[in-house]
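Here are the chains, one letter per residue:
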2 protein chains.
Amino acid sequence: MAVTDDAIARLREMIQRGELVPGARLPPEAELAEGLGLSRNSLREAIRALALVHILDVRQGSGTYVASLRAEELLDSLAFALEMYRDHDSALEVLQVRRILEPEATAMTSTRMTPPVLHRLRTLCSSIRPDDPVPDLVRHELDFHHEIARTAGNAYLGSLLAALHSPTVDASLWRRLAQDGKTGETLDEHRLIVDALAAGKAELARYHARTHLTHIEQALRGSAEDEAGPDARGEGQRHGRPA
Amino acid sequence: MAVTDDAIARLREMIQRGELVPGARLPPEAELAEGLGLSRNSLREAIRALALVHILDVRQGSGTYVASLRAEELLDSLAFALEMYRDHDSALEVLQVRRILEPEATAMTSTRMTPPVLHRLRTLCSSIRPDDPVPDLVRHELDFHHEIARTAGNAYLGSLLAALHSPTVDASLWRRLAQDGKTGETLDEHRLIVDALAAGKAELARYHARTHLTHIEQALRGSAEDEAGPDARGEGQRHGRPA
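Residues numbered from 1 in each chain as written. Chains lettered and ligands numbered in written order. Predicted model: local features only at pLDDT ≥ 70, side-chain atom pairs only at ≥ 80, totals over all residues. Heavy atoms only, no water.

**Student:** What am I meant to see in the overall build of chain A here?
**Tutor:** The helix and strand tally for chain A stands at 12 helices and two strands. The secondary structure elements of chain A, listed N-terminal to C-terminal, are α-α-α-β-β-α-α-α-α-α-α-α-α-α. Of all 243 residues assigned to chain A, the portion counted as buried reaches 51%. Here the contacts in chain A between residues at least 6 apart in sequence split such that 69% fall between residues at least 24 apart. (Helix = DSSP H or I, 4+ residues; strand = E, 2+ residues; numbered from the N terminus. Buried < 20%, exposed > 50% of the residue type's maximum accessible area, 1.4 Å probe, protein only. Contact = heavy atoms within 4.5 Å.)

**Student:** Would you explain the side chain of Glu 93 of chain A in this entry?
**Tutor:** Assignment of secondary structure puts Glu 93 of chain A in helix H6 (residues 88-110). Taking the relative accessible area as the measure of exposure, Glu 93 of chain A reaches 14% and is therefore buried. Within the local environment of Glu 93 of chain A, its side chain forms a polar contact with the backbone nitrogen of Ala 155 of chain B, the two atoms lying 3.2 Å apart. (Polar contact = N/O pair within 3.5 Å; in protein donor to acceptor, adjacent residues only side chain to side chain.)

**Student:** Help me out: how do you make sense of the packing of aromatic side chains in this one?
**Tutor:** Centre distance and the angle of the planes are the two values used to describe a pair of aromatic rings. Overall, the coordinates contain zero aromatic pairs over all chains when judged by the stated rule. Its guanidinium or amino end placed over the ring of Tyr 65 of chain B, Arg 59 of chain B lies 3.8 Å from that ring's centre, counting from NZ or CZ. (Phe/Tyr/Trp six-rings, centres within 6.5 Å; stacked < 30°, edge-to-face > 60°. Lys NZ or Arg CZ within 6 Å of the ring centre and 35° of its normal.)

**Student:** Can you walk me through the nonpolar core in this structure?
**Tutor:** Proteins that are soluble and globular tend to have nonpolar side chains buried together. Leu 11, Leu 26 and Leu 56 of chain A together with Leu 11, Leu 26, Leu 56 and Val 66 of chain B are the most contacted members of the largest nonpolar core, which has 45 residues in total. If you list the elements that add at least two residues to this core, you get helix H1 (2-16), helix H2 (29-36) and helix H3 (40-52) of chain A together with helix H1 (2-16), helix H2 (29-36) and helix H3 (40-52) of chain B. Sequence-distant contacts of Leu 56 of chain B, defined by excluding residues within four places in its chain, comprise Leu 11, Ile 15, Leu 26, Ile 47, Leu 50, Ala 51, Thr 64, Tyr 65, Val 66 and Ala 67 of chain B. If you look at the next biggest cluster of nonpolar residues, it comprises 26 residues, including Leu 101, Ala 149 and Leu 164 of chain A together with Ala 105 of chain B. (Core = buried A, V, L, I, M, F, W, Y, C linked by side-chain atoms within 4.5 Å.)

**Student:** Explanation requested: the environment of Leu 220 of chain A in the structure shown.
**Tutor:** Residues and elements named next belong to chain A. Among the structural elements, Leu 220 can be located in helix H12 (residues 202-228). Among the residues examined, Leu 220 registers a relative accessible area of 1% and is labelled buried. Distance from Leu 220 to Gln 96, taken between C-alpha atoms, is 11 Å for residues 124 residues apart in sequence.

**Student:** What exactly am I supposed to notice about the pattern of salt bridges here?
**Tutor:** Opposite charge on two side chains permits pairing when their charged atoms draw close. Evaluation of the coordinates by the stated rule reveals 34 salt bridges over all chains. A salt bridge links Glu 29 of chain A to Arg 44 of chain A; the shortest N-O distance between them is 2.9 Å. With Glu 29 of chain A in helix H2 and Arg 44 of chain A in helix H3, this residue pair connects regions lying 15 residues apart in the sequence. In this structure Glu 29 of chain A comes out as partly exposed when scored by relative accessible area, which is 24%. With a closest N to O distance of 3.9 Å, Glu 185 of chain B and Lys 182 of chain B form a salt bridge. You can call Glu 185 of chain B partly exposed: its relative accessible area is 44%. Ionic contacts of the salt-bridge type, sharing partners, join the residues Arg 98, Glu 102, Glu 141 and Asp 170 of chain A into one network. (Salt bridge = Lys/Arg side-chain N within 4 Å of Asp/Glu carboxyl O.)

**Student:** What is the right way to look at the pairing of strand E1 (residues 56-59) of chain A in this model?
**Tutor:** Along any regular strand, the residues point their side chains to alternate faces of the sheet. Residue and element names in this part refer to chain A. For E1 and strand E2 (residues 63-66), the ladder comprises four bridges, and the chain directions are antiparallel. The residue bridging Val 58 from the neighbouring strand is Thr 64, located in E2. Joining the antiparallel neighbours E1 and E2 is a turn of three residues, in which Gly 61 adopts a positive phi near 80°. (Pairing = 2+ DSSP bridges.)

**Student:** Can you walk me through helix H9 (residues 155-164) of chain B in this structure?
**Tutor:** The α-helix advances 3.6 residues per turn, and as a result positions three or four apart in sequence lie on the same side. Residues and elements named next belong to chain B. For H9, the tally of buried residues reaches eight of 10 residues, placing the bulk of the element in the interior. Among the residues of H9, Tyr 156, Leu 157, Gly 158, Ser 159, Leu 160, Leu 161, Ala 163 and Leu 164 are the ones counted as buried. You can read the cap of H9 off the contacts: a side-chain oxygen lies 3.0 Å from the backbone nitrogen of Tyr 156, and it is on Asn 154.

**Student:** Even after reading the chapter, I still don't get the environment of Asn 41 of chain A, so can you show me in this structure?
**Tutor:** All names here are of chain A. Note that Asn 41 resides in helix H3. Take Asn 41: its relative accessible area is 43%, and that puts it in the partly exposed class. For the pair Asn 41 and Glu 29, spaced 12 residues apart in the sequence, the C-alpha separation amounts to 9.8 Å.

**Student:** Can you walk me through the packing of helix H7 (residues 115-126) of chain B against helix H8 (residues 134-151) of chain B in this structure?
**Tutor:** How two helices sit against one another is set out by the angle between their axes and by the gap between those axes. Residues and elements named next belong to chain B. Closest axis-to-axis distance for the H7/H8 pair is 10 Å, and the angle between their directions is 165°. Taken together, the axes of H7 and H8 are roughly antiparallel relative to one another. Pair H7 / H8 crosses with left-handed handedness. Side by side, H7 and H8 meet where Val 117, Arg 120, Leu 121, Leu 124 and Cys 125 of the first sit next to His 140, Asp 143, Phe 144, Glu 147, Ile 148, Arg 150 and Thr 151 of the second. For the contact of H7 with H8, the per-class residue count stands at six nonpolar, two polar and four charged. (Axes fitted to C-alpha atoms, helices over the stretch in contact; angles between N-to-C directions. Parallel < 35°, antiparallel > 145°, perpendicular 65-115°, else oblique. Left-handed = near helix turned anticlockwise from the far one by under 90°. Nonpolar A, V, L, I, M, F, W, Y, C, P; charged D, E, K, R; others polar.)

**Student:** What exactly am I supposed to notice about the packing of helix H8 (residues 134-151) of chain A against helix H11 (residues 183-198) of chain A here?
**Tutor:** Residue and element names in this part refer to chain A. Where H8 meets H11, the closest approach of the two axes is 12 Å, and the angle between their N-to-C directions is 20°. Between H8 and H11, the angle falls in the class roughly parallel. Relative to H11, H8 is oriented so that their crossing is left-handed. Mapping the contact onto sequence places Leu 137, His 140, Glu 141, Phe 144, His 145 and Ile 148 in H8 and Thr 183, Leu 187, His 190, Ile 193, Val 194 and Leu 197 in H11.

**Student:** Explain H3 of chain B here, please?
**Tutor:** Residue and element names in this part refer to chain B. The end-to-end C-alpha distance of H3 is 18 Å, a good match for the 18 Å that 13 residues give at a rise of 1.5 Å each. Counting buried positions along H3 yields 10 of 13 residues, so the element is predominantly enclosed. After H3 finishes, the residue His 54 shows a positive phi value of roughly 60°. (Expected span 1.5 Å × (residues − 1).)

**Student:** In this structure, what is going on with the confidence of the model for chain A? I would like to understand it.
**Tutor:** Do not read the fine detail of predicted coordinates wherever pLDDT is low. All names here are of chain A. With 81% of its residues at a pLDDT of 70 or more, chain A shows a mean pLDDT of 83. pLDDT under 50 marks residues 230-243. Its contacts with residues more than four places away, or in other chains, come to 20 contacts. The ipTM, which scores confidence in the relative placement of chains, is 0.73 for this predicted complex, and the corresponding pTM is 0.74. (pLDDT = per-residue confidence, 0-100.)

Printed below as a string of structure tokens:
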């Protein structure tokens, strides 16, 4: 494997030194392997690995190109990786980051609302009901936050927020909300956010987004306590939830 | 390459379904390849790719294991990718995300200060001077923000903030600050943050961190305008900089 590590390092250097620029086509495999003093097998493994993290772009029948290297595309590799984590502490930490970022993204969005965006948000809110099945609620949740994040006007922030959503974590969250009879409240919070956005009130939108994320975090903590027993998790902040 | 894509998908499924758990050792290559109906070459390429994004861990002479899959380790793959971007809009977008996250991380840190952390921060601030060479200023910048981020008590947030620092972007930033004669001001801002942390004043620490990041963003915008000419960048928000 050390040979492939070397091949990866050599290709990265070529990109970092600007010998290979975004969009450039790599030389033919045989030529590149010879130029770098590598076996074709090692080179092929290195290309595969760099394609997985969106640094190279392998186009069937056309060749291998340097990808755009735009931050938001590189973030896809993060989404890929985060999808796989199953550690509950990580899930809470990730949610805490969402709780910092989403209120700001929502406030940024309030200044960039257009009739089509508002229409899509209203449609999302009116086409979901508190007793819909959990997969539908999760789909709504993802679409709702994605619409807001990509309107915020920072592609990197949008991609990062998308990457922070995990379908697995969201499913456990909405199961918990359903079990507590709180899906209605949570969907109402979405509507409050949309109303603030529609009115162009950045501070109010930020406030409702923060409240929403705090409730979501409480639900995720609650489902962790259910799984682990009430005394199993002593660390971290506890939030009281009004009965 | 399609065969390797398939191999990657099969390994991901095994992890997502819990057939392979974090820390588990993969079956011998020949056995796994046969079980999945794959060639050993495809399997090897898939393993290499998944190792690059920290999902598998290849230990020379011992075998291949499923990695811890903790979010902060997976984030290393993001740092790896971000190091390569060279697009200036992306750099500004990333900095905007830092401007959202770092004031919160700083406020979180203020409640978790210990004498050793305070000592390290004070030492960092007293061992750097405004006219030190740019590489030293960049090293100070990275160490300073890293110390605060990792004290904030959220490993994921700490890793994310570390990944958002790009040595290339930081170097262009500090060159600009040096050129404008503003390195002294910027280092003073670090001291104000430390003083607020030492006093346990979360709001004040957040305020100074936000001011600091806003100045950093202005410097990065300034260096972009220098490169592109004053009228080359019409989009986005402009910040006035006092003369």
